[in-house]
Amino acid sequence: MPRCGGSTGAAAACPAPMVTPAAALPAAPGGGGPGGPGARHTFSGTKCTAQQVWRKKPQLLMLPNKALKFLPMKLCHCLVSKLITALGTQEAEKKYQSLLSHLSHPPAFTTVRVNTHLASVKHVKKLLFEEIQKQFKGLCVPVLEHPKLQDILLIPVIGPRRDLKKHASEVIVGAQCGYAVLRGAHVYVPGIVSTSRFVKAGDLVSVYSDIEGKCKRGAKEFDGVKVFLGNGISELSRSEIFSSNGQLKGLGVRMIEPVYLSPSFDNVLPSHLFLQNLPSVVVSHILNPQPGEKILDMCAAPGGKTTHLAALMHDQGEVIAMDKIANKIKKIKQNAELLQLNCIKAFCYDGTKALSVEKREDKQEGPPFLPESFDRILLDAPCSGMGQRPNMVYSSTLKEVTSYQPLQRKLFTVAVKLLKPGGVLVYSTCTITLSENEEQVAWALKTFPCLQLHPQEPHIGGEGMKGAGLSLDQLKLLQRFDPSAVTLQGMDINYLQGSREDDLISLANKDCIGFFIAKFIKSNSK
């Protein structure tokens, strides 16, 4: 399971609004309330009352004020206006509120991809079921196979659990660490912001997430906005956690009663399993790489899709992985080695400069590449990441969000030129904005007459969203995973025992992260 890293600064935010009581995260005492119409809120440095928001954008105040604190104000305006264009005012308000609610919760299932290069799905499923029973002390949680994605396993997430007793001793973690805990991780020391005064190793502690980023490091108490994540056992004393000697690392709190019960994958079958969100697995199947082909993964870190592509090719051919950050390339190489995949070659390089304008040396393996060098290209583009779950705070400004569209177009232009005639280009993002998804498809079809949209297989998500000028037939060829497409509901053992497997698979297909996929074919004609 992903480790909880150090806390990052966050803009002021409260938990997103909850659709039903069963869907709400347990709130911590002292947590921020919604406030009255005159309550003052902060959005990316701009303070304003709710009345001022009403004068600027009245439809926003038809949402709970907590929703207003979820995003910077200008970004709220941008997103809501896009939805209004596509859906109409009333439907847009309903959609926006539902979307914020879903994004603040983890998906209903943990998805792991089996490394079929080394083991069969049946064998790994048996080993994983035994491991989960050990972790959950005999609690019988099913491990499901997916009928259309035959290399993944699905584990239902139990929760939210409301019968947990809160302890006097507290550990406060950063928002990013909190998200990982909600998805099954233990708490590692870099993610800890503060603890109660007398915490000792072995103490039972309640763990909270500082979602506003306002808790001072090393504080002995914190009364700001915090979300209860569950209970655990502290592995270290307060003095050890905040020791000034050496770099902070290692396990800080072992979670024993998380609000959302999901297995930890720390050192669990590391060569056989790879944690991935369901739509991220779909992408590689849609690209459908074949043995012997030359594949480019343009923005590859941390390597989940790269290693999946190599496994689908039976490690035969060539998968070129690029990322412009050296540490991320190191991680890709580590993952390839761990999964024993040898056809992957990873390079630290800026994808926008990957097209060679001069003749290459014969022995040159890495970028830049000559035009029409690749059979298939995956562009899982840098994006605003607004489909990631759980996410209770969003700190990017409107300027930052709108900066992604030009970057994506630069990368896309290079990808088209690097693709062979007859080749396949798959464009994907983990965001929900129209500007980074359907608008990019409309731009691509207009800019590159050589490209045609192509049906996707498997097609598990919904159709594309209206508002970018695409036809209904074109929207049907797109695949958008919309977290708000399913009603939020808690999950417990009784629910699992009373559910058909087909219904659980259907829920897993919908209750996942926000994601977008488009598949293009480059025509043979110049």
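As the structure is a prediction and not an experimental result, all values here were calculated from the model.

Draft legend 1. Inspection of the pattern of salt bridges at higher detail. A complete count under the given rule lists 17 salt bridges for this structure. The salt bridge partner of lysine 420 is aspartate 375, with a shortest N-O separation of 3.2 Å. Here lysine 420 is found in strand β17 (residues 419-429), whereas its partner aspartate 375 is found in strand β16 (residues 374-380), with 45 residues between them in sequence. Take lysine 420: its relative accessible area is 30%, and that puts it in the partly exposed class. On the accessibility criterion, aspartate 375 (22% relative accessible area) is partly exposed. Here arginine 500 and aspartate 503 are joined by a salt bridge, their closest N and O atoms 3.1 Å apart. The exposure class assigned to aspartate 503 is partly exposed, which follows from its relative accessible area of 41%. Within the structure, one salt-bridge network assembled from shared partners comprises Lys122, Lys125 and Glu145.

Draft legend 2. Structural detail: the sheet that holds strand β5 (residues 152-156). Spatially, β4-β5-β3-β12 is the arrangement adopted by the four strands of the open sheet, whose pairing is antiparallel. Strands at the two margins of the open sheet, each flanked by one partner only, are β4 (144-145) and β12 (273-275). Of the strand pairs in this sheet, β4 and β5 are connected by two bridges, and their pairing is antiparallel. Following the sheet pairing, leucine 144 is matched in β5 by leucine 154. Relative to the sheet, helix α5 (residues 121-135) contacts β3 (109-114), β4, β5 and β12, its axis offset from that of β5 by approximately 25°.

Draft legend 3. The arrangement of the packing of aromatic side chains in detail. The final tally for this structure, using the stated rule, is seven aromatic pairs. With a centroid separation of 6.0 Å and 35° between ring planes, the pair formed by phenylalanine 412 and phenylalanine 448 is classed as tilted. Taken together, the positions of phenylalanine 412 in helix α12 (residues 404-418) and phenylalanine 448 in the loop between α13 (438-447) and β18 (451-453) put the pair 36 residues apart, joining distant regions of the chain. Accessibility classification places phenylalanine 412 together with phenylalanine 448 in one group, the buried group. Grouping aromatic residues by their ring pairs yields a cluster made of Phe412, Tyr427, Trp443, Phe448 and Phe520. When the ring centre of tyrosine 208 is taken as reference, the NZ or CZ atom of lysine 226 above it lies at 5.0 Å. A cation over a ring is seen here: lysine 294 above phenylalanine 374, with NZ or CZ 5.1 Å from the ring centre.

Draft legend 4. Spatial organisation of the sheet that holds strand β7 (residues 187-188). Read from one edge to the other, the open sheet built from six strands follows the order β7-β11-β10-β9-β6-β8, with strand pairing classed as mixed. Lying at the two open borders of the sheet, with one neighbouring strand each, are β7 and β8 (192-195). As paired elements, β7 and strand β11 (residues 251-258) share two bridges and run antiparallel to each other. Bridged to tyrosine 188 within β11 is leucine 251. Sheet strands touched by helix α6 (residues 175-182): β6 (170-174), β7, β9 (204-210), β10 (227-234) and β11. Its angle to β6, the strand with the most contacts, is close to 105°.

Draft legend 5. View of the packing of helix α8 (residues 278-287) against helix α9 (residues 304-312). Taken N-terminus to C-terminus, the directions of α8 and α9 make an angle of 40°; their axes are 10 Å apart at the nearest point. With respect to their mutual orientation, α8 and α9 come out oblique. Crossing geometry of α8 relative to α9 is assigned as right-handed. Here Ser280, Val281, Val283, Ser284, His285 and Leu287 of α8 lie close against α9, whose contacting residues are Lys305, His308, Leu309 and Leu312.

Draft legend 6. Representation of the packing of α12 against α13 in the model. Contact geometry for α12 and α13: axes closest at 11 Å, N-to-C directions at 40°. One way to sum up the angle between α12 and α13 is to call them oblique. Note that α12 runs across α13; the crossing there is right-handed. Residue-level inspection shows Gln405, Gln408, Arg409, Phe412 and Thr413 of α12 in contact with α13, the latter providing Glu439, Gln440, Trp443 and Ala444. Split into classes, the residues belonging to the contact of α12 with α13 amount to three nonpolar, four polar and two charged.

Draft legend 7. Representation of α5 in the model. With 15 residues, α5 ought to run about 21 Å at 1.5 Å a step, and its terminal C-alpha atoms sit 21 Å apart, in line with that. Of the positions making up α5, those classed as buried are Val121, Val124, Leu128 and Ile132. Around the axis of α5, the buried residues are gathered within 70° of arc, so they sit on the same side. Exposed and oriented more than 90 degrees from the buried face of α5 are Lys122, Lys126 and Lys134. Buried residues along α5 sit in contact with β3, β4, β5 and β12.

What counts as what
- Residues numbered from 1 in each chain as written.
- Predicted model: local features only at pLDDT ≥ 70, side-chain atom pairs only at ≥ 80, totals over all residues.
- Heavy atoms only, no water.
- Salt bridge = Lys/Arg side-chain N within 4 Å of Asp/Glu carboxyl O.
- Helix = DSSP H or I, 4+ residues; strand = E, 2+ residues; numbered from the N terminus.
- Buried < 20%, exposed > 50% of the residue type's maximum accessible area, 1.4 Å probe, protein only.
- Pairing = 2+ DSSP bridges.
- Contact = heavy atoms within 4.5 Å.
- Axes fitted to C-alpha atoms, helices over the stretch in contact; angles between N-to-C directions.
- Phe/Tyr/Trp six-rings, centres within 6.5 Å; stacked < 30°, edge-to-face > 60°.
- Lys NZ or Arg CZ within 6 Å of the ring centre and 35° of its normal.
- Parallel < 35°, antiparallel > 145°, perpendicular 65-115°, else oblique.
- Left-handed = near helix turned anticlockwise from the far one by under 90°.
- Nonpolar A, V, L, I, M, F, W, Y, C, P; charged D, E, K, R; others polar.
- Expected span 1.5 Å × (residues − 1).
- Arc of directions from axis to C-beta.

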